[in-house]
Amino acid sequence: MSGEIVISKVSKIFNQGKAEEVIALNGVDFTIPAGSFVSLIGPSGCGKTTLLRCIAGLEKPTSGEVLADGVKITKPGSDRGFAFQQANLFPWLTIRENVAFGLKARHIYKENKKDVEDFINLVGLKGFEKSYPHQLSGGMNQRASLARALVGHPKILLLDEPLGALDAFTRMTMQDEILRLKNKHNTTMVMVTHDVDEAVYLSDYVVVMTPRPSKVEKIIKIELSHPRARGQDVFLNYRTQILEILNYAGKVQEVEYAI
């Protein structure tokens, strides 16, 4: 199981050739090592999710290419799982049925039936298999969403701010859950986030992107072992470094007031 991603000079233009065209990505170029955890961080609207969707095969680059293990990505594939910002579970299906949905759609449920139970157990939802999404908390639904994304054993898991709607304590618990799943299965994970602390806590590499038209400003390797202490000096140093690149490190802009 590998999972290397090569993003080669990727640009993406929406409404190309029209007066209102938007350049979302402008020659983005970097490689994500197999089995690593990479966070994409940058200003809102800078193209992070667009890049994630290009890796997923949900968007096609206007120029350049994305490769997974040397194969050009042209469409979605079972080698890539996607966890969205909202859990997006089917409300009329139970948790077990939601987790099994992708396997059934690919007609491989019978030979992988045991995996459904294994992943439900792995994300801590044993005993809730017959529950419906509306009967569970937001954090539990996100756990089910992760199980659904992972049950097909993708080499690559793409996460589009999957924890953004959770309260702080549930979010930290889920961060540990994601790390546990990654380490158990050696999955390559790429996550879009606006949370600098989250990026430092989870990532092997943090890719800081510029405002639109987006390119890579800097790639920071986080050389900390897990588990990481959020109050540790070196953790805070990485946090400050990223904020400085984003121009948010304690800089106070003078404001003129008119009375």
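Because the structure is a prediction, the values reported are computed rather than measured. (Residues numbered from 1 in each chain as written. Predicted model: local features only at pLDDT ≥ 70, side-chain atom pairs only at ≥ 80, totals over all residues. Heavy atoms only, no water.)

K.L.:
Even after reading the chapter, I still don't get the sheet that holds strand 5 (residues 71–72), so can you show me in this structure?
P.N.:
Two pairing modes exist for strands in a sheet, parallel and antiparallel, and in both the strands are linked by backbone hydrogen bonds. Taken together, the four strands give an open sheet; going across it, the order is 2-1-4-5, and neighbouring strands pair in antiparallel fashion. Among the strands making up the open sheet, the edge pair consists of strand 2 (22–32) and strand 5. (Pairing = 2+ DSSP bridges. Helix = DSSP H or I, 4+ residues; strand = E, 2+ residues; numbered from the N terminus.)

K.L.:
Got a minute to help me understand the packing of aromatic side chains in this structure?
P.N.:
The geometry of an aromatic ring pair is captured by two quantities: the separation of the ring centres and the angle between the planes. Going through the model one piece at a time under the given rule, you end up with three aromatic pairs. With centroids separated by 4.4 Å and ring planes inclined at 25 degrees, the aromatic side chains of phenylalanine 82 and phenylalanine 84 adopt a geometry described as stacked. You can call phenylalanine 82 buried: its relative accessible area is 16%. Classification of phenylalanine 84 by relative accessible area gives partly exposed; the value is 32%. Between phenylalanine 90 and tryptophan 92, the ring centres sit 5.2 Å apart and the planes meet at 40 degrees, which makes this aromatic pair tilted. (Phe/Tyr/Trp six-rings, centres within 6.5 Å; stacked < 30°, edge-to-face > 60°. Buried < 20%, exposed > 50% of the residue type's maximum accessible area, 1.4 Å probe, protein only.)

K.L.:
Please explain the sheet that holds strand 3 (residues 37–41) as it appears in this structure.
P.N.:
If you walk across this open sheet you meet the six strands as 6-7-8-3-9-10, and the pairing is mixed. Looking at strand neighbours, the two that pair on one side only are strand 6 (80–83) and strand 10 (216–221), the edges of this open sheet. Across this sheet, the average inter-strand angle for adjacent strands is 15 degrees, counted without regard to direction. Sheet strands in contact with helix 5 (residues 168–185) are strand 3, strand 7 (156–160) and strand 8 (188–192), and its direction is about 155 degrees off that of strand 8. Helix-sheet contacts for helix 7 (residues 233–245) involve strand 3, strand 9 (205–209) and strand 10, and the interaxial angle to strand 10 is about 175 degrees. (Axes fitted to C-alpha atoms, helices over the stretch in contact; angles between N-to-C directions. Contact = heavy atoms within 4.5 Å.)

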